[in-house]
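Coordinates in review
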Amino acid sequence: MNTTLLISQEPQNHSPEASVKQQINKMIDDLMASLPDIQDLTGAERRGIIARYTTVLEGNFIYWMTATLLAVQSEDARPILLDNLHEEVHDSHPAMMRRFAMAANAFPTDGDALVVHDDLTNVRLFLGKLSGVQSVLTMAFFEGFIQRFMAYLADLARAQGSVDLEYTDVHGVCDIAHTDGLFRALSVEMTINPLDQKEDLFEGVYLLRTLIENIVFNRVESLTA
Ligand SMILES: [Fe+2]
């Protein structure tokens, strides 16, 4: 009897989490479809994308995952975030990120950091609100995007003459499990610590999407060009 009930409840396509996951996947699909063709980019443009990505990821990913760990109230969500952090620290993903950028002759300059400064600050301040559901969703979007972006980032690095692709190799694989884990964490956090209906569930996702668009398109430079 219980088994029948479980089976009949198995398809959860109409659950709030499934709907949110679909929206996130659509946003990632749209971002991927908007990426410029690598053949059309100059060497300086390729270097800029890698450098801006690095200046955001190297110093902020672990910080933002830690902020999300501090924000969640669900005991079931914490091990998922801790597992992610453990891998980041144990395998020193920031060191891997820096090696990747240096091998592609794309080590970030002060100019690269300043291009993303405002959008980066907005994401930092948002995560400082320590809003559990919003923060987990933001990081699920981030992990999902990173995983999909890796093949493109690797192609940029290859076009720069790099052969050090450990960062893109590792993240194209491990982040599949991380993204699924974050959506599980989202589901439990939505139950234990639901978001106030007055708040926008996607607030952090939109801020992060703006930052990613700036990494890819360098809006500051194109505005002043
Ligand atoms: Fe990582």
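Residues numbered from 1 in each chain as written. Predicted model: local features only at pLDDT ≥ 70, side-chain atom pairs only at ≥ 80, totals over all residues.

Topic: helix 2 (residues 16-34)
The following threshold applies: Per the convention used, a helix needs a DSSP run of H or I reaching at least four residues, while a strand needs a run of E reaching at least two, with both numbered from the N terminus. Here the expected span of a helix is defined as 1.5 Å times the quantity of residues minus one. Any residue whose C-beta has 12 or fewer other C-beta atoms within 10 Å is treated as exposed, any with 20 or more as buried, and any in between as partly exposed, C-beta atoms being built from the backbone. Each C-beta atom gives one direction from the helix axis, and the arc is the one those directions make.
In this model, helix 2 (19 residues) spans 27 Å end to end at C-alpha, consistent with the 27 Å of a helix rising 1.5 Å per residue. Restricting attention to buried positions, one finds in helix 2 the residues Val 20, Lys 21, Ile 24 and Ile 28. On an axial view of helix 2, the arc spanned by its buried residues comes to 100°, and they lie on one face. Projecting away from the buried face of helix 2 at angles above 90 degrees are the exposed residues Ser 19, Gln 22, Lys 26, Asp 29, Asp 30, Ala 33 and Ser 34.

As for unusual backbone geometry
Residue Ser 92 is not a glycine yet carries a positive backbone phi of 45°. Residue position: Ser 92 is located in the loop between helix 4 (78-90) and helix 5 (93-103). Although it is not a glycine, Leu 130 sits at a positive phi angle of roughly 55°. By the secondary structure assignment, Leu 130 is in the loop between helix 7 (117-127) and helix 8 (132-159).

Description of helix 5
Along helix 5, the residues that are buried comprise His 93, Met 97, Phe 100 and Ala 101. Viewed end-on, helix 5 has its buried residues packed into an arc of 95°, placing them on one side of the element. Immediately downstream of helix 5, the backbone of Asn 105 shows phi near 55°, a positive value.

Some words on the confidence of the model for the chain
Low-pLDDT stretches of the model should not have their predicted coordinates read in fine detail. Our working definition: pLDDT measures how confident the predictor is about each residue, on a scale from 0 to 100. Our contact criterion uses C-beta atoms placed from the backbone: two residues qualify when those atoms are within 7 Å.
Averaged over every residue, the pLDDT of the chain is 90; the share at 70 or more is 89%. Contacts from residues 1-12, a stretch scored under 50 in pLDDT, to residues over four places away or in other chains number one contact.

As for the nonpolar core
Our working definition: In plain words, the nonpolar core is the set of buried Ala, Val, Leu, Ile, Met, Phe, Trp, Tyr and Cys residues that C-beta atoms within 7 Å link up.
One finds Ile 50, Val 136, Ala 140, Ala 185, Leu 186 and Leu 211 to be the most contacted residues of the largest nonpolar core, which totals 56 residues. Considering every element that reaches this core, the biggest residue donor is helix 8, with 13 residues. In this structure Leu 211 touches Val 56, Val 116, Asp 119, Leu 120 and Val 123, once residues within four positions along its chain are discounted.

A look at the environment of Met 32
Note on placement: Met 32 falls in helix 2. Considering only alpha carbons, one finds Met 32 and Arg 148, 116 residues apart in sequence, at a separation of 7.6 Å.

Re the environment of Gly 204
Tracing the chain through its elements places Gly 204 in helix 10 (residues 203-217). By the C-beta count within 10 Å, which is 26 here, Gly 204 ends up buried. In sequence terms Gly 204 and Asn 122 are 82 residues apart; their C-alpha atoms lie 8.9 Å from each other. With sequence-adjacent residues up to four places away left out, Gly 204 is seen in contact with Phe 126, Leu 127, Gln 134, Ser 135, Leu 137 and Thr 138.

Things to note about the packing of helix 2 against helix 8
Where we set the bar: A fitted line through C-alpha atoms serves as each axis, taken over the contacting stretch for helices, and the angle formed by two N-to-C directions is quoted from 0 to 180°. Roughly parallel covers angles under 35 degrees, roughly antiparallel covers those over 145, roughly perpendicular covers 65 to 115, and oblique covers all other angles. If you view the pair so one helix is near and one far, a crossing is left-handed when the near helix is turned anticlockwise from the far one by less than a right angle, and right-handed when it is turned clockwise. Here the term charged refers only to Asp, Glu, Lys and Arg, the term nonpolar to Ala, Val, Leu, Ile, Met, Phe, Trp, Tyr, Cys and Pro, and the term polar to all other amino acids, Gly among them.
Axis separation between helix 2 and helix 8 bottoms out at 10 Å; the angle between their running directions is 40°. Classified by the angle between their axes, helix 2 and helix 8 sit oblique to one another. You can see that helix 2 and helix 8 cross each other, and the crossing is right-handed. Residues Val 20, Ile 24, Met 27, Ile 28, Leu 31 and Met 32 of helix 2 pack against Leu 137, Ala 140, Phe 141, Gly 144, Phe 145 and Arg 148 of helix 8. The residue inventory of the contact of helix 2 with helix 8, partitioned by class, reads 10 nonpolar, one polar and one charged.

Considerations on the environment of Leu 35
Relative to the elements of secondary structure, Leu 35 occurs in the loop between helix 2 and helix 3 (43-71). Setting aside residues no more than four positions away along its own chain, Leu 35 makes contact with Tyr 152 and Val 216.

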